[in-house]
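Given next are the chains, with one letter for each unit.
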Amino acid sequence: MATKNSNAPIIIKRITAAPEGGHHGGAWKVAYADFVTAMMAFFLLMWLLNATTEKQRQGLADYFSPTVVRTASGTGGEGETRGDAKGASLPAEDRSDPVEVLKRHIQDELEGLGGESMQMKNLLRHVVTRVTDEGLVIELGDLADAPLFEAETAQPTLILRELSRVIARVLSRTTNQIAIAGHVRSYPAVLAQSPVWNLSNKRADELRVLLEQARFPDQRVQRVTGHADRMATPANPAAVSNNRLEVILLN
């Protein structure tokens, strides 16, 4: 029977088990998050394409397209940019609708003026801005306790004289051609001769004269129109709020 060699070396092999799956770092998590985000964006895009009209899709496309607007420098000359807005001294990188941009600019100008004094704030109670197909409208209207003209005449009050200087100052920051429109309230039908046409015409032209006196260039006035009471509020056509003037910054 063979004997075991007691001098043979004893070899001990140690095996260390690696963590399950091994260690690969966290890069895969970042890649997976990017993939999930991309898929969410893709499905959101598909939903938008299906849920919006052609006009809305065009609006979205225009929002992400560069829009350059025409500017007026502080000295009255044109700035370096050109475009469809024909409007205010604005940053060229603004990509929203040019007329809306112009509206925001005018409102900012008016609000800035309103901070100058309580008197200016009272004046700006007469002013409303809105956007129409024709362009941006700056509307000046009568208040019950503060009319723009002496009663039933085209004689401007001190309020309108001061307002005209404010509007001329704001318009100097634009290059648009303008139109001026006059509107008056309705008068009783029993009158032998209604003054609405003549009065609305005279009041519109009086505003043109006041703007010219405030150094607004007369060459920029494209037309002056009286609309009588044809656009009075249907609910109360005789209300003094129908006595108003419009300065339209034409597209």
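As shown above, the structure is provided for reference.
Small disclaimer: the values here were computed from a predicted structure and weren't measured.

Asks: Could you give me a rundown of the side chain of R185, with the residues and numbers involved?
Replies: Within the secondary structure, R185 sits in the loop between strand 3 (178–183) and helix 6 (196–213). Note on R185: relative accessible area 17%, which makes it buried. Only 3.2 Å separates the side chain of R185 from the side chain of E152, close enough to count as a polar contact. Apart from the residues lying within four places of it in its own chain, the contact partners of R185 are E152, V196, D229, P237, A238, A239, N242 and N243.

Asks: How would you summarise the side chain of R203 if you had to cite specific residues and measurements?
Replies: Looking at the element boundaries, R203 is found in helix 6. Despite being buried, R203 has no salt bridge partner; D142 is the closest side chain of opposite charge, sitting 5.0 Å away. With residues up to four places along the chain from it excluded, the contact list for R203 reads F149, E150, E152, T153, A154, V184, N243 and L245.

Asks: Could you give an account of the packing of aromatic side chains, naming the residues involved and the relevant values?
Replies: Summed over all chains, the structure comprises 1 aromatic pair. A ring pair is formed by F42 and F43, whose centres lie 5.5 Å apart and whose planes are at 70°; its orientation type is edge-to-face. Residue class for F42 comes out partly exposed when judged on its relative accessible area of 41%. Residue F43 is classed as exposed on the basis of its relative accessible area, which comes to 53%.

Asks: Which residues make up the sheet that holds strand 3, and what are the values?
Replies: Taken together, the 5 strands give an open sheet; going across it, the order is 1-2-5-3-4, and neighbouring strands pair in mixed fashion. In this open sheet, the two edge strands, each paired with only one partner strand, are strand 1 (127–131) and strand 4 (221–226). Mean inter-strand twist for the sheet, computed between neighbouring axes without regard to direction, equals 20°. Across 5 bridges, strand 3 lies against strand 4 in parallel orientation. Bridge pairing links I178 to V221 in strand 4.

Asks: Describe the pattern of salt bridges, and please don't skip the residues or the numbers.
Replies: Under the definition given, this model contains 10 salt bridges. A salt bridge links R185 to E152, with the nearest nitrogen and oxygen atoms 3.2 Å apart. Of this pair, R185 sits in the loop between strand 3 and helix 6 while E152 sits in the loop between strand 2 (135–141) and helix 5 (158–171), and the two are 33 residues apart along the sequence. Judged by its relative accessible area of 43%, E152 is partly exposed. Taking the shortest distance from any N to any O, the salt bridge between R208 and D205 comes out at 2.7 Å. Taken together, the residues span about one helical turn, with R208 and D205 both in helix 6 at a distance of 3 residues. When salt bridges that share partners are traced, they join R130, E139, R244 and E246 into one network.

Asks: Pulling in residues and values, what's your account of the pairing of strand 3?
Replies: Moving residue by residue along a regular strand, the side chains alternate between the two faces of the sheet. With 6 of 6 residues buried, strand 3 lies mostly within the body of the structure. Neither face of strand 3 is exposed, since I178, I180 and G182 on one face and A179, A181 and H183 on the opposite face are all buried. Each parallel crossover has a hand, and for strand 3 linked through helix 6 to strand 4 it is right-handed. By the bridge criterion, 6 bridges tie strand 3 to strand 5 (residues 244–250) in an arrangement that is antiparallel. Bridged to I180 within strand 5 is V247.

Conventions used here
- Residues numbered from 1 in each chain as written.
- Predicted model: local features only at pLDDT ≥ 70, side-chain atom pairs only at ≥ 80, totals over all residues.
- Heavy atoms only, no water.
- Helix = DSSP H or I, 4+ residues; strand = E, 2+ residues; numbered from the N terminus.
- Buried < 20%, exposed > 50% of the residue type's maximum accessible area, 1.4 Å probe, protein only.
- Polar contact = N/O pair within 3.5 Å; in protein donor to acceptor, adjacent residues only side chain to side chain.
- Contact = heavy atoms within 4.5 Å.
- Lys, Arg positive; Asp, Glu negative; His and termini not counted.
- Salt bridge = Lys/Arg side-chain N within 4 Å of Asp/Glu carboxyl O.
- Phe/Tyr/Trp six-rings, centres within 6.5 Å; stacked < 30°, edge-to-face > 60°.
- Pairing = 2+ DSSP bridges.
- Axes fitted to C-alpha atoms, helices over the stretch in contact; angles between N-to-C directions.
- Right-handed = clockwise from strand over helix to strand, strands pointing away.

Read these as layout, nothing more, since geometry by itself doesn't imply function.
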